Amino acid sequence: MRTQWQTGRAYSKHGHRIIAETNLRAGHILFKDLDRHVSGRIPVVPHIFISGEFALQDLVLMNYDRGNYTAVFNNEVEHLTWDDNDVQI
């Protein structure tokens, strides 16, 4: 599952844009914060059930705000690109 959204926080002139993608078989979620230039891997139990995009967004933001992630190099998240036609607020 992949999602992108504006958190509503004002970290840049673009707001606060985050993109996230699950890799549940590998036991993690990758995320990319475009406006604060932070990327990371959030550990999850393999095969965890995430009910939808909003649940994924809540899970990512909760872990991000608490620092519960491992920083990753840009090459691990370069495929996570922002799509202006798919914005959730």
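About the criteria used
Residues numbered from 1 in each chain as written. Predicted model: local features only at pLDDT ≥ 70, side-chain atom pairs only at ≥ 80, totals over all residues. Heavy atoms only, no water. Salt bridge = Lys/Arg side-chain N within 4 Å of Asp/Glu carboxyl O. Helix = DSSP H or I, 4+ residues; strand = E, 2+ residues; numbered from the N terminus. Buried < 20%, exposed > 50% of the residue type's maximum accessible area, 1.4 Å probe, protein only. Phe/Tyr/Trp six-rings, centres within 6.5 Å; stacked < 30°, edge-to-face > 60°. Lys NZ or Arg CZ within 6 Å of the ring centre and 35° of its normal. Lys, Arg positive; Asp, Glu negative; His and termini not counted. Polar contact = N/O pair within 3.5 Å; in protein donor to acceptor, adjacent residues only side chain to side chain. Core = buried A, V, L, I, M, F, W, Y, C linked by side-chain atoms within 4.5 Å. Contact = heavy atoms within 4.5 Å.

A.B. asks: Any details on the pattern of salt bridges? Residues and values, ideally.
C.D. replies: The full count for this structure, using the stated rule, is three salt bridges. A salt bridge links Asp 65 to Arg 9; its shortest N-O distance comes to 2.7 Å. Here the residue Asp 65 occupies a position in helix H1 (residues 53-65), and Arg 9 occupies one in the loop between strand S1 (2-6) and strand S2 (17-23), the gap between them amounting to 56 residues. Overall, Asp 65 belongs to the partly exposed group, its relative accessible area being 45%. Residue Arg 9 is classed as partly exposed on the basis of its relative accessible area, which comes to 27%.

A.B. asks: So, the packing of aromatic side chains: which residues are in play, and what are the values?
C.D. replies: Here the structure, examined in full by the defined rule, presents three aromatic pairs. Residues Phe 31 and Tyr 64 carry aromatic rings whose centres are separated by 5.1 Å and whose planes lie at 50° to one another, so their mutual orientation is tilted. With a gap of 33 residues between them, Phe 31 in strand S3 (residues 28-33) and Tyr 64 in helix H1 connect regions that are remote in the sequence. The class of Tyr 64 is buried, set by a relative accessible area of 7%. Its relative accessible area of 0% is what places Phe 31 among the buried residues. Taken together, the aromatic side chains of Phe 31, Tyr 64 and Tyr 69 make up a single cluster linked through ring pairs. Here the guanidinium or amino end of Arg 17 rests over the ring plane of Trp 82, the centre of that ring lying 5.7 Å away. Above the ring of Tyr 11, the side-chain terminus of Arg 36 is found at 4.4 Å from the ring centroid.

A.B. asks: So what's going on with the side chain of Asp 33? Residues and values would help.
C.D. replies: By the element assignment, Asp 33 lies in strand S3. Despite its burial, Asp 33 remains without a salt bridge, the nearest opposite charge being carried by Arg 36 at 4.7 Å. Among the polar contacts listed, one links the side chain of Asp 33 to the side chain of His 16, at a separation of 2.7 Å.

A.B. asks: Please provide a residue-by-residue account of the nonpolar core, values included.
C.D. replies: Ranked by internal contacts, the top residues of the largest apolar core, which has 13 residues, are Ile 18, Ala 20, Ile 29, Phe 31, Val 60 and Tyr 64. Mapped onto this core, the elements with two or more residues apiece are S2, S3, strand S4 (38-43) and H1. Apart from the residues within four sequence positions on either side, Tyr 64 is in contact with His 16, Ile 18, Phe 31, Asp 33, Arg 36, Val 38 and Tyr 69.

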